[in-house]
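Close look at the chain arrangement
Listed below, chain by chain, are the residues.
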Amino acid sequence: QSWKNPEDIWSYKVNDRIFKSFKSFLNITKSNACLIVFEYGIDINNSKELVGQLGLMQNVIWLPLMQRKDIITMIGSIDIGIGEIGNYSWFSYGAIYEFICMKKPLIHRRDDDLYINKIESLYPMYNAANEEELTLALLDVYSNKSKSALIGEKAYSWYISNAIEKPISIITDLINSK
């Protein structure tokens, strides 16, 4: 929960955009979907206040801080993971790979031009850099479950190949060359 200080690139998660997009999604779909968030970050109270202002109290589940091993178990029960929808592009970090390892489709901001010349391929995901794009991605996941499941499966295959097998192969080759 960090969205009040855009200069703090390491903590700036822009959760307010997620809450506002989720509200738009609920208004359009009339679904009873829930958003699960953690009581983590400097703007927890601001986020809870915003959730109240948006009338989302019944649709937002607040969880206390947890160990990663407990979080990844819970990821198995979600439909989609949302990374950062902020002003900065991130290729990977813990939560991104946790969603991918659990074969969950991901909505996240990624500026592909920053990475395409450095990596052979990029994992598939829903790319969203603002509230409108996030709402559209949520709507697509909601109305195209088989498509979103396939995105999760393909991202998982990408992860196995690019984040596990290739690095292990490089390390094995280095060890064998000694």
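Residues numbered from 1 in each chain as written. Predicted model: local features only at pLDDT ≥ 70, side-chain atom pairs only at ≥ 80, totals over all residues. Heavy atoms only, no water.

Overview of the sheet that holds strand β5 (residues 126-127)
The strand order across the open sheet formed by three strands is β3-β4-β5, and the pairing between neighbours is parallel. The outermost strands of the open sheet, each flanked by one partner alone, are β3 (81-82) and β5. Alignment of β3 against strand β4 (residues 106-108), held across two bridges, turns out to be parallel. Its bridge partner being in β4, I82 is matched across the sheet by I107. (Pairing = 2+ DSSP bridges. Helix = DSSP H or I, 4+ residues; strand = E, 2+ residues; numbered from the N terminus.)

Some thoughts on the nonpolar core
One finds F19, L35, L56, V60, I107, Y126 and L134 to be the most contacted residues of the largest nonpolar core, which totals 23 residues. Put simply, the parts of the chain that give this core at least two residues each are α1 (15-29), β1 (35-38), α2 (44-53) and α5 (131-143). Counting residues in each nonpolar core, the second largest holds 12 residues, with I75, I78, A155 and W158 among its members. (Core = buried A, V, L, I, M, F, W, Y, C linked by side-chain atoms within 4.5 Å. Buried < 20%, exposed > 50% of the residue type's maximum accessible area, 1.4 Å probe, protein only.)

As for α2
Here α2 has its buried residues at I44, S47, L50 and V51. Buried residues in α2, looked at end-on, bunch into an arc of 125 degrees, giving them a common side. Turned more than 90 degrees from where α2 packs its buried face, N45 and Q53 sit exposed. At its buried positions, α2 is contacted by α1 and β2 (60-63). (Arc of directions from axis to C-beta. Contact = heavy atoms within 4.5 Å.)

What to know about the packing of aromatic side chains
By the definition in use, this model includes five aromatic pairs. Here the aromatic rings of F19 and W62 are separated by 6.1 Å at their centres, their planes lie at 45 degrees, and the arrangement is tilted. Pair noted here: F19 is in helix α1 and W62 is in strand β2, with a separation of 43 residues, a long-range link. Between the aromatic rings of F22 and F25, the centroid separation amounts to 6.1 Å while the plane-to-plane angle is 20 degrees, which identifies the pairing as stacked. (Phe/Tyr/Trp six-rings, centres within 6.5 Å; stacked < 30°, edge-to-face > 60°.)

Considerations on unusual backbone geometry
Phi at K30 takes a positive value of approximately 60 degrees, unusual for a residue other than glycine. Summarising the element assignment, K30 is placed in the loop between α1 and β1. Owing to a relative accessible area of 67%, K30 belongs among the exposed residues under this scheme. The phi torsion at K103 lies on the positive side, around 60 degrees, for a residue other than glycine. Checked against the element boundaries, K103 lands in the loop between α4 (94-101) and β4.

Digging into the environment of A155
The topology assignment puts A155 in helix α6 (residues 145-176). It is 16 Å that separates the C-alpha atoms of A155 and A137, two residues lying 18 residues apart in sequence. If we ignore the near neighbours within four places in the chain, the residues touching A155 are I100, Y123 and P124.

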